[in-house]
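One letter stands for each residue in the lines below.
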Amino acid sequence: MRLGRLALALTVAGAVVGGALAQRQPGGGRGGFGMGAMFKNEALQKELKLEKDQVEKITEALTKVQEELKDERPQQGASQEERQAFQKKSTEASQKALAKVLNADQAKRLKEIQFQQRLNSPFGGGPAVFADAEIQTALKLTDDQKEKIKDIVSDYTKERQEMFQGLKPGGGGDFQEAQKKMQGLTKEAMANVNKLLKDDQKKMIEEMKGKEFDVASLTTFGGGKPGGKPGKPGDQKKKVDF
C-alpha cells in the first residue's frame, strides 16, 4: 500500500474505532461533525499554509457535509455499530470535500497531523488504531502481534469504559481527573504495543507521522484552547510518545 493510501486508511480507521467517546472530544471529533473546528486553529492554518479563501471554502464544504448528514446522525441510545458506521461515512464525506480544496502537499501534511492526533487521543485512539485489519496488513503484523495487540486493545477499551461510566455529559463530575488518568492509560497501552513492533514497522509509523505537530493545541484537552489557540508551553509533553 502506498503511503498516501495508508495515511487515509489510518485517518478513517481512527475515526471508526473512536465510536461514541470520540464525540466527547471538543474540536477533535471526526467528519463534518467536529473536523471543521480543527481548521479554526491558527497553528494548523500556518502549518498547512492555508490561504484565507481556502479556510473559507473548507468551512463551507464541511458545513455542507454536516447539513447533508444531520438526519443520519445517531441519536441517544444508538448502538456502537450504528455510531461507527456514521463516523466512517462522515469521515469519508469530509475527506472527499477536503480533497477538492487542499493541494497535494497540504493534504499529505493534514493526514500526518490527523495520524498524530489519533495516536495521542485518549478517546478511542491510541492502541486501537493498530487493531484495524487494513493497518495491520500495511505494517505486515504477524499473527502473534495481532493477537497480542487485540488483548492490549481489549483491556484498554474495558478500562476506558469503566473510567468514564457515571460521568455527566458535558464534562461534569470528575471528568478532568478521569481525562488525566486516561492519558496515563493510553501512554501505557501504547508502550505495550511499541514493544511488540519491529524496527521496520516503527519506521513506517514515523513516516506516517511526519514532522511533529502540537496536536494538543487542536483540542481543549491536553492544553489547547477552544477556538484554535495553541496550548501553553510544555503542554506537548503530555502527548503519548511513540
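Below or above, wherever it landed, is the structure these notes cover. (Residues numbered from 1 in each chain as written. Predicted model: local features only at pLDDT ≥ 70, side-chain atom pairs only at ≥ 80, totals over all residues. Heavy atoms only, no water.)

This model, assessed by the stated rule, comprises 10 salt bridges. Residue E67 pairs with K70 through a salt bridge whose shortest N-O separation is 2.8 Å. What makes E67 partly exposed here is its relative accessible area of 48%. In this structure K70 comes out as partly exposed when scored by relative accessible area, which is 44%. Here E212 makes a salt bridge to K209, at a shortest N to O gap of 3.3 Å. With relative accessibility at 40%, the residue E212 sits in the partly exposed group. Using a relative accessible area of 6% as the deciding quantity, one classes K209 as buried. If you follow the salt bridges from partner to partner, you end up with E47, K108, R109, E112 and K211 in one network. (Salt bridge = Lys/Arg side-chain N within 4 Å of Asp/Glu carboxyl O. Buried < 20%, exposed > 50% of the residue type's maximum accessible area, 1.4 Å probe, protein only.)

The next subject is a negative patch on the surface. A contiguous patch of negative charge, built from D143, E147, D151, D155, E159, E162 and E188, is present on the exposed surface. Top contributing element to the negative patch by residue count: helix 8 (residues 143-164), with six residues. (Patch = residues over 30% accessible without salt bridge, like charges linked within 9 Å, V, L, I, M, F, W, Y side chains within 5 Å. Areas by Shrake-Rupley, 256 points an atom, 1.4 Å probe, with all protein chains shown as cover. Lys, Arg positive; Asp, Glu negative; His and termini not counted. Charge placed at Lys NZ, Arg CZ, Asp CG, Glu CD. Helix = DSSP H or I, 4+ residues; strand = E, 2+ residues; numbered from the N terminus.)

So, about helix 9 (residues 175-196). Compared with the 32 Å implied by 1.5 Å per residue over 22 residues, the 32 Å span of helix 9 between its first and last C-alpha is a close match. For helix 9, the full list of buried residues reads F175, A178, Q179, M182, L185, T186, A189, M190 and V193. Buried residues of helix 9 fall within an arc of 135° about the axis and therefore sit on the same side. Opposite the buried face of helix 9, by more than 90 degrees, sit the exposed residues K180, E188 and K195. Buried residues in helix 9 make contact with helix 6 (104-120) and helix 8. (Expected span 1.5 Å × (residues − 1). Arc of directions from axis to C-beta. Contact = heavy atoms within 4.5 Å.)

Once that is clear, we can look at the packing of helix 4 (residues 52-69) against helix 5 (residues 80-99). It is the contact of helix 4 with helix 5, at a shortest axis distance of 9 Å, that shows an interaxial angle of 150°. In this view, helix 4 runs roughly antiparallel relative to helix 5, as classed from their interaxial angle. Like other packed secondary-structure pairs, helix 4 and helix 5 cross with a definite hand, here right-handed. Counted together, I58, A61, L62, V65 and L69 of helix 4 and F86, K89, S90, A93, S94, A97 and L98 of helix 5 form the full contact between these two elements. (Axes fitted to C-alpha atoms, helices over the stretch in contact; angles between N-to-C directions. Parallel < 35°, antiparallel > 145°, perpendicular 65-115°, else oblique. Left-handed = near helix turned anticlockwise from the far one by under 90°.)

So, about the side chain of Q54. Along the chain, the position of Q54 falls in helix 4. For Q54, the residues in contact, after removing those within four places along its chain, are K49, V101, L102, N103 and Q106.

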